[in-house]
Amino acid sequence: MNETRRELLAAFAEGPISGPALAERLGVSRAAVWKQVEALRDDGFAIESTDDGYAITAVPDYGAAAIEYELDAPYTVEYHDSIGSTNDRARERAADSDRDVVVVADEQTGGRGRLERSWDSPPGGIWASTVLDPSLPAAHVPLVTLAAGVAVVDACRAVGVDATLKWPNDVLVGDDDSEHGDADATADSDAADRGGRKLSGILTEMEGEADRVSWLLVGIGLNANIAGDALPDGATSLQEQVGPVDRRAVLQTILESLSTLVADPDTVLDRWRAYSSTLGRTVCVDTGREQIKGEAVDVQFPGALVVDTDSGEQIVHAGDCEHLRPA
C-alpha cells in the first residue's frame with residue numbers, strides 16, 4: 001500500500017494525469033486508483049478532476065502522504081499523531097526486515113536521547129526515525145551520525161536559523177562565549193556546557209556484526225514549532241528563532257540531505273567540519289574513563305574527535321563533549 005501511494009504521489013508531482021494513465025503506470029485497476037485518490041483526499045489532499053486528469057491543488061501540513069509528496073529521497077513514511085518513541089517503532093520495523101522507512105510522530109511520550117536520557121517531545125516538533133539498509137561495516141556507523149547532523153543543519157539554515165554542530169551529535173544555536181563568564185562558574189547551565197542552546201539531537205542505533213550492519217536507524221529530534229516556554233532549560237526551537245516553520249518542508253530537506261550524504265559518505269567529514277562549532281574550541285570530553293581537555297582540532301574518519309592536549313594529540317571515539325571558554 002505504501003509503495004503504491006508513493007508511486008501515485010510521484011505521478012501527481014509531475015502534473016495532471018488521467019485515471020487510465022495512472023492505472024497503467026501503477027499496474028492496478030482504475031477502481032484501485034480511485035480508492036487511492038480517495039484515501040489521499042481523506043488524508044487532507046485537495047485533488048481536482050480536470051480536463052487533463054487528476055491534479056493535486058493543496059497539500060496537508062503534515063502526515064505520511066504529505067511528507068512523501070515531492071520528497072526526493074527513497075523513503076516511505078509511517079506517521080503517528082502520538083507514539084512512545086519513534087526509535088522503538090523503527091526498531092520493530094527493522095526487525096520485520098523493513099528498510100528505507102521513516103517513522104514520524106507529532107508527539108513522543110517516551111522520547112530519549114543518548115545514554116537513555118529523556119527527550120521532551122511535545123506536539124509541534126519533528127520526531128523522526130529512519131531505518132537504513134547501509135552497506136558498511138559497523139565501525140563506520142559514526143559517520144552516519146555525523147551525516148544526520150549535517151542534514152539537520154542544512155534544513156535549519158534553509159529556514160534562516162544559523163545552526164551549528166557540536167561533536168558528536170548536537171545541533172546548537174548561539175555561542176556561550178558572549179553570554180557567560182568562566183565555564184566553572186556556569187557548570188550548572190546546560191546551554192553554557194554545550195556552547196549554545198540545543199535545537200536538535202540525534203540517536204543512532206544498529207544491529208549487525210563487525211564486518212556488516214544488518215540495519216541502522218537514525219533518530220532525529222528537532223524542536224520545530226514549539227514555544228519557548230514549553231522547552232527545557234538550555235534548549236531553543238526553530239519557532240523561537242524565526243517564527244513558525246513548514247515542518248513538512250523542513251523534514252523533507254533533512255531526509256533528502258541524509259539520503260544524499262549516506263550515498264556519498266566521502267563528503268560527510270568536510271560538510272561536518274564546515275558546520276562545526278566544536279573545532280577550534282577548548283573542550284573537555286568525558287569518555288566515561290577519563291576526561292580529556294584541550295583544543296578540538298579536527299574530526300577524522302569515521303567520526304572521532306582529535307583533541308590537542310598538553311601531552312599531545314588524542315583521538316576520542318566517544319564521549320560527552322563540553323565547550324569551555326578559554327582562560
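This text follows the structure it describes.
Heads up: these notes are all about the structure in this document. Just so you know, these numbers come straight off a predicted model, no measurement behind them.

1. Here we look at the state of the cysteines
- Counted by the stated rule, this structure contains zero disulfides.
- With no disulfide of its own, Cys 156 lies closest to Cys 321 among cysteine sulfurs, the gap being 19 Å.
- Left without a disulfide partner, Cys 321 is nearest to the cysteine sulfur of Cys 284, which lies 8.4 Å away.

2. Side note on the side chain of Ser 259
- Turning to its location among the elements, Ser 259 is positioned in helix α9 (residues 247-263).
- On the basis of relative accessible area, Ser 259 is assigned to the buried category, the value being 17%.
- Once residues lying within four places of it in the same chain are set aside, the contact partners of Ser 259 are Ala 73, Pro 74 and Tyr 75.

3. Some words on a negative patch on the surface
- Together, Glu 295, Asp 308, Asp 310 and Glu 313 give the surface a local cluster of negative charge.
- Secondary-structure assignment places Glu 313 in strand β13 (residues 312-316).

4. Side note on the packing of aromatic side chains
- One pass over the structure, following the stated rule, counts two aromatic pairs.
- Considering the side-chain rings of Phe 45 and Tyr 69, the 6.0 Å spacing of their centres and the 90° angle between planes classify their relative orientation as edge-to-face. With Phe 45 in the loop between α3 (30-42) and β1 (46-50) and Tyr 69 in the loop between α4 (64-68) and β3 (76-83), the pair connects residues that are 24 residues apart, well separated along the chain.
- Residue class for Phe 45 comes out buried when judged on its relative accessible area of 4%.
- Judged by its relative accessible area of 7%, Tyr 69 is buried.
- Both rings, one in Tyr 62 and one in Tyr 79, keep their centres 5.7 Å apart while their planes meet at 85°; by these two values the pair is edge-to-face. Here Tyr 79 lies in strand β3 and Tyr 62 lies in the loop between β2 (53-58) and α4, a separation of 17 residues in the sequence.

5. Some words on the side chain of Ser 276
- With respect to the helices, strands and loops of the structure, Ser 276 is situated in the loop between α10 (268-275) and β10 (282-286).
- Take Ser 276: its relative accessible area is 15%, and that puts it in the buried class.
- Among the polar contacts listed, one links the side chain of Ser 276 to the backbone nitrogen of Thr 278, at a separation of 3.0 Å.

6. Examining the sheet that holds strand β8 (residues 197-209)
- Judged by pairing direction, the sheet is mixed, and its seven strands sit side by side in the order β3-β4-β5-β9-β8-β7-β6 without closing on themselves. Among the strands making up the open sheet, the edge pair consists of β3 and β6 (164-166). Going across the sheet, the axis of each strand differs from the next one's by a mean of 20°, ignoring polarity.
- Lying on the sheet, helix α6 (residues 141-158) is in contact with β5 (126-132), β6, β7 (170-173), β8 and β9 (212-222); it crosses β9 at an angle near 30°.
- Sheet strands in contact with α9 are β4 (101-108), β5 and β9, and its direction is about 25° off that of β5.

7. Focus on unusual backbone geometry
- Pro 168 follows Trp 167 through a cis peptide bond whose omega is 0°.
- Here Pro 168 is to be found in the loop between β6 and β7.
- Along the chain, Phe 301 connects to Pro 302 via a cis peptide bond; the corresponding omega equals 0°.
- Among the structural elements, Pro 302 can be located in the loop between β11 (291-300) and β12 (304-309).
- Phi at Glu 70 takes a positive value of approximately 65°, unusual for a residue other than glycine.
- Examined against the element boundaries, Glu 70 turns out to sit in the loop between α4 and β3.

The rules we used
Every residue gets a number counted from 1 within its own chain, in the order that chain's sequence is written. Side-chain atom pairs in this predicted model are given and counted only at pLDDT of 80 or more, local residue features only at pLDDT of at least 70, and totals for whole chains, interfaces and linings cover all residues. In computing side-chain properties, one takes all heavy atoms of the structure into account and sets aside hydrogens as well as water. A pair of sulfur atoms, both from cysteines and within 2.5 Å, is called a disulfide here. Strands are runs of DSSP state E lasting at least 2 residues, helices are runs of H or I lasting at least 4, and numbering of each runs from the N terminus. To sort residues, take the accessible area from a 1.4 Å probe on protein chains only and compare it with the maximum for the residue type: under 20% means buried, over 50% means exposed, and anything in between is partly exposed. Note on contacts: a residue pair qualifies if any of its non-hydrogen atoms lie within 4.5 Å across the two residues. Two distance rules govern patches: like charges are joined within 9 Å, and nonpolar side chains (Val, Leu, Ile, Met, Phe, Trp, Tyr) within 5 Å, applied only to residues with over 30% relative accessible area and no salt bridge. Residue burial considers only the protein chains on display, and all accessible areas are found by Shrake-Rupley using a 1.4 Å probe. Salt bridge, as used here, is a side-chain nitrogen of Lys or Arg placed within 4 Å of a carboxyl oxygen of Asp or Glu. Here Asp and Glu are counted as negative and Lys and Arg as positive; His is not counted, and neither are the chain ends. The location of each charge is read from NZ of Lys, CZ of Arg, CG of Asp or CD of Glu. To pair, rings of Phe, Tyr and Trp, with the six-membered ring standing in for Trp, must have centres within 6.5 Å; the planes then decide the type, stacked if under 30 degrees apart, edge-to-face if over 60, and tilted in the middle. Whenever a nitrogen or oxygen atom comes within 3.5 Å of another N or O atom, the pair is scored as a polar contact, on the condition that within protein one atom can donate a hydrogen and the other can accept it, and that pairs from neighbouring residues in sequence are kept only if both atoms are in side chains. Two strands are said to pair when DSSP picks up at least two bridges between them. To obtain each axis, a line is fitted to C-alpha atoms, and for helices this fit is confined to the stretch in contact; angles are then taken between N-to-C directions over 0 to 180 degrees.

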